Amino acid sequence: MGKIKIIGEPLENIPWQEKPENYEGVIWRYDKNPLTKWNPTKRTARIFNSAVVPFNGEFVGVFRADHKDGKARLHVGWSKDGINWKIEDPEIIWKDEKGNIYQPNYAYDPRVVKIEDKFYITWCTDFYGPTIGIGYTKDFKEFIRMENAFLPYNRNGVLFPRKINGNYVMLSRPSDSGHTPFGDIFLSESKDLIYWGRHRRVMSRGGSGWWQSLKIGAGPIPIETEEGWLLFYHGVVLTCNGYVYSFGAAILDLNNPSRVLYRLRDYLLTPEMEYETVGFVPNVAFPCATLVDAETGRIAIYYGSADTYVSLAFAYVDEVINFVKENSEVVPGDKDEGR
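Model, not experiment: these values are computed from the prediction.

(A) Highlighting the packing of aromatic side chains. Scanning the model with the defined rule gives 22 aromatic pairs in all. Counting every residue linked through ring pairs, the aromatic cluster contains F55, W78, W94, F119, W123, F140 and F143. The aromatic ring of Y136 is capped on one face by K118, whose charged end is 4.2 Å from the ring centroid. The ring centre of Y102 lies 3.8 Å from the NZ or CZ of R145, which sits over that ring.

Okay, here's the thing in structure tokens:
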């Protein structure tokens, strides 16, 4: 098969480790995982479910940090190589567009994407229940918080990296005020990142297997390829020992991403290693960010493990997309425009 083209920029210094010899999977873990440890800063107990991007030849991230009072907040982290991170101990201070302090009560599971000259951050925030907060920065020092995107209850807000048909597009997962024993992925559009509409259902939980039978949610920023938008997403099953979070992948139509072209029947990665199966919340692999080198097709995937650590895995875009297409099982209705 020919090389599948990523539509994007080269990233020569992408963190990378080659696939182990005789390894048969299409995603492999970094052999020095996890990247973070317990009590990584004075105020924080655990850092996980975080988002990183290239910045000025190095890397920067917005990290979910659960403080020692148990509440989740967002912190900035810096890295020269995308592996060794220095996390700032103070949390991000948000201001509204008039310069007034606009601090969320809690903030967790961020995603970060660069659109034009701004880095936009989405996260789960408190608006009389969980919903999608949105803000931006240009330098990761000053942060402007915009109006909340949606009413409660909602989680897993993920922006596409460019406008589609003239509109900003965001994936989300309508939920409830608790741990949400249900959930499908939806899509919304906006002219200005403030007023959202044209809502569509994208993907439903389910399929013939069990790993995504309870709920699903969008993961990292979708990756634009000539085959469609490559979306990594998490799926959850309820077992006799609680929830298990794994992740898979789907390919969405480039011009109408509410339509699913292909979707994996089986997971790509499920909790197996001790840092994924043992922790504050065991049995969690929750993807939040990717770094992509369009020149080589390399993908570095950052995922939260056991609600305790940030971990790293690797893949080639050709292998992932071909694997998705060869092992696709689209849930009924996913190929339609869900309106």
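(B) Fine view of the nonpolar core. Counting 38 residues, the largest nonpolar core has L35, W85, V112, F140, L291, Y302 and L312 as its most contacted members. Among the elements of the structure, β2 (44-55), β3 (58-67), β4 (72-79), β7 (107-115), β8 (118-126), β20 (285-293), β21 (298-305) and β22 (309-316) are those that each provide at least two residues to this core. Residues contacting L291, with those up to four places away along its chain left out, are L11, I14, P15, V52, V53, P54, F59, R298, I299, A300 and Y302. Counting 33 residues, the second-largest nonpolar core is a separate cluster that includes I115, I216, A250 and V260.

(C) Expanded view of the pattern of salt bridges. Applying the stated rule across the entire model yields 22 salt bridges. One salt bridge in this structure joins R259 and D253, with 3.3 Å as the shortest N-O distance. Judged by its relative accessible area of 27%, R259 is partly exposed. Overall, the relative accessible area of 18% leaves D253 in the buried class.

(D) Examining the pairing of β21 more closely. Taken across its eight residues, β21 has seven buried, putting it largely inside the fold. Where β20 lies against β21, eight bridges are found, and the strand directions are antiparallel. Each residue of the ladder has a partner; that of V292, found in β21, is I299. In this antiparallel pair of consecutive strands, β20 and β21, the connection spans four residues, and G297 shows a positive phi of 80°. Note: β21 against β22, eight bridges, orientation antiparallel. Paired with I299 across the strands is A315, a residue of β22. Between the end of β21 and the start of β22, which pair antiparallel, lie three residues, with A306 showing a positive phi angle near 55°.

Rules used throughout
Residues numbered from 1 in each chain as written. Predicted model: local features only at pLDDT ≥ 70, side-chain atom pairs only at ≥ 80, totals over all residues. Heavy atoms only, no water. Phe/Tyr/Trp six-rings, centres within 6.5 Å; stacked < 30°, edge-to-face > 60°. Lys NZ or Arg CZ within 6 Å of the ring centre and 35° of its normal. Core = buried A, V, L, I, M, F, W, Y, C linked by side-chain atoms within 4.5 Å. Buried < 20%, exposed > 50% of the residue type's maximum accessible area, 1.4 Å probe, protein only. Helix = DSSP H or I, 4+ residues; strand = E, 2+ residues; numbered from the N terminus. Contact = heavy atoms within 4.5 Å. Salt bridge = Lys/Arg side-chain N within 4 Å of Asp/Glu carboxyl O. Pairing = 2+ DSSP bridges.

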